[in-house]
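# Survey of secondary and tertiary structure
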Amino acid sequence: MKGKLKLISGKRIESPLSPKTRPTSSKVREAIINIIGNKLEEASWLDLCSGSGAMACEALQKGVKRILAIEKQRETAKTCKRNLIEVSNTMAHSIHVEVICNELISFLKKGPKNKTIGFTKDSLSPDTKFDFVFLDPPYESGLYELSQELLLSKQWIKKSTILICECSSKSMPRIHNGWKLNKEKFYGNTSLLFLIPNQALNCFDDTGSMH
């Protein structure tokens, strides 16, 4: 059974009615877009624990050209894919949208050159890293810090990447020392952490940074 979510634009998308799914609220989605919206044009977006894909859909509507969404629950991943394809079909520019049903940590360990990723397999572009990463696992899952570490060690990111963590205001996750807190926002029981790579501890060979 499916419910409905409304994007900032007013467009409605599917939302799985499942206790395992916690859609990012419209208030939080709008806050994220207000903070980074002007940087999304032509950018790439990695959506981790994507759920319905609502946040990725918002990013698409702001000009993101590539979305890779990872979701463990099979039916939810199907809903996410339908939503992203429906939104991408309304956009005038060329977009690459891909949804992979996989467990988060095992997927991140494979790195961005993993041949199961269609973009890596089909594209001639060497740019497999991401400008933005949105991390929204179950709040008490303990996945935040290990995900932060793997994004760095497996080279998913650029030196200019922004990692956005949605988390509980009551149990804030620890920030891995490879990242620095750039901005912190609170919306009732939900908090947003905007993290940037700690340049003092990381080496990057990318030259295609978006911002």
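The structure under discussion appears in the preceding block.
Residues numbered from 1 in each chain as written. Predicted model: local features only at pLDDT ≥ 70, side-chain atom pairs only at ≥ 80, totals over all residues. Heavy atoms only, no water.

## Quick notes on the overall build of the chain
From N to C terminus, the chain includes six helices and nine strands. Computed over the C-alpha atoms, the radius of gyration of the chain is 16 Å, within 12% of the 17 Å expected from 2.2 N^0.38 for a compact globule of 211 residues. In terms of overall dimensions, the chain has C-alpha extents of about 45 × 45 × 30 Å along its principal axes. When each of the 211 residues of the chain is scored for burial, the buried share is 53%. Of the contacts made within the chain by residues no fewer than 6 positions apart, 63% connect residues no fewer than 24 positions apart. A distance of 2 Å separates the average location of the 32 positive side-chain charges in the chain from that of its 22 negative side-chain charges. (Helix = DSSP H or I, 4+ residues; strand = E, 2+ residues; numbered from the N terminus. Rg over C-alpha atoms; globule rule 2.2 N^0.38 Å. Buried < 20%, exposed > 50% of the residue type's maximum accessible area, 1.4 Å probe, protein only. Contact = heavy atoms within 4.5 Å. Lys, Arg positive; Asp, Glu negative; His and termini not counted. Charge placed at Lys NZ, Arg CZ, Asp CG, Glu CD.)

## Focus on helix 2 (residues 54-61)
In terms of burial, helix 2 is largely enclosed, as seven of its eight residues are buried. Just past helix 2, the residue Gly63 takes up positive phi, approximately 105°.

## Thoughts on the side chain of Ser52
Along the chain, Ser52 turns up in the loop between strand 3 (44-48) and helix 2. The buried category is assigned to Ser52, whose relative accessible area is 3%. Residues in contact with Ser52, not counting those within four places in the same chain, are Leu5, Glu14, Ser15, Pro16, Thr76, Thr79, Cys80 and Asn83.

## Thoughts on the packing of helix 1 (residues 26-36) against helix 2
At a closest axis distance of 10 Å, the pairing of helix 1 and helix 2 adopts a crossing angle of 35°. The handedness of the crossing between helix 1 and helix 2 comes out as right-handed. Listed contacts from helix 2 to Arg29, Ile32 and Ile33 of helix 1 are Ala54, Met55, Glu58 and Ala59. Class assignment for the residues of the contact of helix 1 with helix 2 results in five nonpolar, no polar and two charged. (Axes fitted to C-alpha atoms, helices over the stretch in contact; angles between N-to-C directions. Left-handed = near helix turned anticlockwise from the far one by under 90°. Nonpolar A, V, L, I, M, F, W, Y, C, P; charged D, E, K, R; others polar.)

## Quick notes on unusual backbone geometry
Phi is positive for Glu42, close to 70°, though the residue is something other than glycine. Summarising the element assignment, Glu42 is placed in the loop between helix 1 and strand 3. Within the chain, Cys49 stands out as a residue other than glycine whose phi angle is a positive 60°. Here Cys49 shows up in the loop between strand 3 and helix 2.

## Overview of the pairing of strand 3
Among the five residues of strand 3, five are classified as buried, and the element is accordingly described as predominantly covered. What you see with strand 3 is no split at all: Ser44, Leu46 and Leu48 on one side and Trp45 and Asp47 on the other are buried throughout. Of the pairings in the sheet, the one linking strand 3 to strand 4 (residues 66-71) comprises five bridges and is parallel in character. Bridging from a neighbouring strand, Leu48 pairs with Ile70 of strand 4. Handedness of the crossover joining strand 3 and strand 4 through helix 2 is recorded here as right-handed. Both strand 3 and strand 6 (residues 130-135) contribute to a ladder of four bridges, which runs parallel. Each residue of the ladder has a partner; that of Trp45, found in strand 6, is Phe132. (Pairing = 2+ DSSP bridges. Right-handed = clockwise from strand over helix to strand, strands pointing away.)

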